[in-house]
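Per-entry structural report
Single-letter residue listing:
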Amino acid sequence: QVQLVESGGGLVQPGGSLRLSCAASGSIFNIYAMAWYRQAPGKQRELVAAMTSGGSTNYADSVKGRGTISRDNAKNTVYLQMNILKPEDTAVYYCNALIKTTAQALASDYWGQGTQVTVSS
């Protein structure tokens, strides 16, 4: 009933930039926090950045100063701008959102399918 669809991944050279987008659609009453996670081969999924509906943000130390999370609440969309990309940023990036589908429902976690980001020369 709820879908999160990411876009914007791809191959980027070290030092380059990219912008990931994630649009939520379906039966949505309210979206609370939206976040980006990533998972590199052989590693656990980790939080990259998160933003509450009120605009508070949280970043992984590894991306502070290089990443910016933003939201367009009218479009139910979250973005991740990543600059000065490094090979260690290579991973599958996943969108996550805490969503209520009705006024009575409990908020639940939803995930996108992931988008590959590869940083390589």
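Notes on the structure in this doc start here. Remember, it's a predicted structure, so these values are computed and weren't measured experimentally. (Residues numbered from 1 in each chain as written. Predicted model: local features only at pLDDT ≥ 70, side-chain atom pairs only at ≥ 80, totals over all residues. Heavy atoms only, no water.)

**Focus: the pairing of strand β1 (residues 2-7)**
- Side chains V2, L4 and E6 project from β1 onto a buried face, and the interleaved Q3, V5 and S7 project onto a face without burial.
- When β1 meets strand β3 (residues 18-26), the two strands line up antiparallel, connected through six bridges. Pairing of L4 across the sheet is with A24, part of β3. (Buried < 20%, exposed > 50% of the residue type's maximum accessible area, 1.4 Å probe, protein only. Helix = DSSP H or I, 4+ residues; strand = E, 2+ residues; numbered from the N terminus. Pairing = 2+ DSSP bridges.)

**Quick look at the environment of G54**
- Along the chain, G54 falls in the loop between β5 (46-51) and β6 (57-59).
- For G54, a relative accessible area of 71% gives the class exposed.
- Once the C-alpha coordinates of G54 and F29 are considered, the two residues, 25 residues apart in sequence, prove to be 16 Å apart.

**Points about the pairing of strand β8 (residues 77-82)**
- Most of β8 is tucked away: five of the six residues are buried.
- Bridge count between β3 and β8: six bridges; the pairing is antiparallel. Bridge pairing links R19 to Q81 in β8.
- Where strand β7 (residues 67-72) meets β8, six bridges bridge the pair, whose relative direction is antiparallel. Along β8, the bridge assignment pairs I69 with L80.
- Hairpin remark: β7 followed by β8, antiparallel, with four residues in the connecting loop; positive phi at N76, about 50°.

**Some words on the side chain of E6**
- Take E6: it is sitting in strand β1.
- No salt bridge forms around the buried E6; measuring N to O, its nearest opposite-charge neighbour R45 is 7.7 Å away.
- A polar side-chain atom of E6 sits 3.0 Å from the main-chain amide nitrogen of Q113.
- Looking at E6, its side chain comes within polar contact range of the main-chain nitrogen of G114, at 2.9 Å.
- With residues up to four places along the chain from it excluded, the contact list for E6 reads S21, C22, W36, Y93, Y94, C95, G112, Q113, G114 and T115. (Lys, Arg positive; Asp, Glu negative; His and termini not counted. Salt bridge = Lys/Arg side-chain N within 4 Å of Asp/Glu carboxyl O. Polar contact = N/O pair within 3.5 Å; in protein donor to acceptor, adjacent residues only side chain to side chain. Contact = heavy atoms within 4.5 Å.)

**So, the side chain of D89**
- Looking at the secondary structure, you find D89 in the loop between β8 and β9 (91-100).
- Of the polar contacts made by the side chain of D89, one reaches the side chain of R66; its length is 2.8 Å.
- A polar side-chain atom of D89 sits 2.8 Å from the main-chain amide nitrogen of K86.
- Look past the residues within four positions of D89 in its chain and what remains in contact with it is R38, R66, M82, I84, V117 and V119.

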